[in-house]
Amino acid sequence: MSVNDIVTSGAKPLFFLDYFATSHLDDDLAEKVIKGIVDGCQQSDCALLGGEWIYCIKVGDVLIGLPSSGVHSNGFSLVRRVLKQSGLSLKDQLPGETITLGEALIAPTVIYVKQVLEIINKGGVKGIAHITGGGFIDNIPRVFPKGFGANIYEGSWAIPPVFKWIQEGGRTEDAEMMRTFNMGIGMVLVVSPEAADRILREGQKSSIAYRIGEVVKGDGVSYC
């Protein structure tokens, strides 16, 4: 179907990347699926360059968090209310910091594409959750099959000062903050323990990454 969409524009399909997602890998079924993709590529005279597989998530798999630059465009209804109640302006200094509130609140969203693709290409990644509106509570569970949840290690990453200012100014409970904001983690990778060790080791040399939790039996997100 993909190549049929392309040809409607008068374009020639050149290559194809497959994507196979499953909570349980059936070798015979997977072989039939890939054979069908190969046949389709041969019929359309395009190359099958590779693809992506989503692996079975297990208890004990590790949650790796990639840091955010701040609010990442989520939760601004609460931000505006807190700003109004504080009596401060965007030009005022973020309490205790060297930047202004405006600089902290409109810090550009981190683009994770290159970093995440590099990690994926080295193997061991089983799922990825982009932490947007809804925070950990809404976004992480979408990655898991039924019967699995996330246990988050409190204090395992550095929470940007802007979130502390929002929480204190809005007198907002921890649960509501975690439900509304990314709280300093913009992307969560579910990886094997072996991959986690490699990612954290390599992260010390380039980009920061945190071990923020693990996969557990159950559902939803809990904290310890």
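In short, a report on the structure. Fair warning: this is a prediction, and the values are worked out from it, not measured in the lab.

## Some thoughts on the pairing of strand β5 (residues 148-152)
Next, step 1: Counting buried positions along β5 gives five out of five residues, so the element sits mostly inside the fold.
Next, step 2: Side chains F148, A150 and I152 of β5 all project onto a buried face; the interleaved residues G149 and N151 project onto the opposite face, where all are buried too.
Next, step 3: One ladder, built from five bridges, connects β5 with strand β7 (residues 210-217); its direction is antiparallel. Its bridge partner lying in β7, F148 is registered against K217.
Next, step 4: In the sheet, β5 pairs with strand β8 (residues 221-223) via three bridges, with the strands oriented parallel. Its bridge partner lying in β8, A150 is registered against V221.

## Some points on the side chain of N139
Next, step 1: By the element assignment, N139 lies in helix α6 (residues 135-139).
Next, step 2: By relative accessible area, which is 5% here, N139 ends up buried.
Next, step 3: Side-chain polar atoms of N139 contact the backbone oxygen of G133, separated by 3.4 Å.
Next, step 4: Side chain to side chain, N139 and R142 meet in a polar contact 3.2 Å long.

## Some words on the side chain of K126
Next, step 1: Tracing the sequence through the fold places K126 in strand β4 (residues 125-130).
Next, step 2: Note on K126: relative accessible area 11%, which makes it buried.
Next, step 3: Here D61 takes part through its side chain, which lies 3.0 Å from a polar atom of the side chain of K126.

## Thoughts on helix α3 (residues 76-86)
Next, step 1: Looking at α3, one finds that the buried residues are L78, V79, V82 and L83. Each buried residue of α3 lies within a common arc of 135° when the element is viewed along its axis, so the set occupies one face. Across from the buried face of α3, at angles greater than 90 degrees, the exposed residues are S77, R80, K84 and Q85.
Next, step 2: Buried residues along α3 sit against α4 (101-105) and α7 (161-170).

## Focus: the packing of aromatic side chains
The geometry of an aromatic ring pair is captured by two quantities: the separation of the ring centres and the angle between the planes.
Next, step 1: All chains considered together, the criterion is met by two aromatic pairs.
Next, step 2: Seen in terms of ring centroids, F136 and W157 are 5.6 Å apart; in terms of plane orientation they differ by 55°. Their pairing is tilted. In this pair, F136 sits in helix α6 while W157 sits in the loop between β5 and α7, placing the two residues 21 residues apart along the sequence. Across this residue pair, the class does not change: F136 and W157 are buried.
Next, step 3: A ring pair is formed by F163 and F181, whose centres lie 5.7 Å apart and whose planes are at 55°; its orientation type is tilted. Taken together, the residues F163 in helix α7 and F181 in the loop between α8 (174-180) and β6 (185-191) connect sequence positions 18 residues apart.
Next, step 4: F163 sits in the buried class, given a relative accessible area of 0%.

Thresholds, definitions, all that
- Residues numbered from 1 in each chain as written.
- Predicted model: local features only at pLDDT ≥ 70, side-chain atom pairs only at ≥ 80, totals over all residues.
- Heavy atoms only, no water.
- Buried < 20%, exposed > 50% of the residue type's maximum accessible area, 1.4 Å probe, protein only.
- Helix = DSSP H or I, 4+ residues; strand = E, 2+ residues; numbered from the N terminus.
- Pairing = 2+ DSSP bridges.
- Polar contact = N/O pair within 3.5 Å; in protein donor to acceptor, adjacent residues only side chain to side chain.
- Arc of directions from axis to C-beta.
- Contact = heavy atoms within 4.5 Å.
- Phe/Tyr/Trp six-rings, centres within 6.5 Å; stacked < 30°, edge-to-face > 60°.

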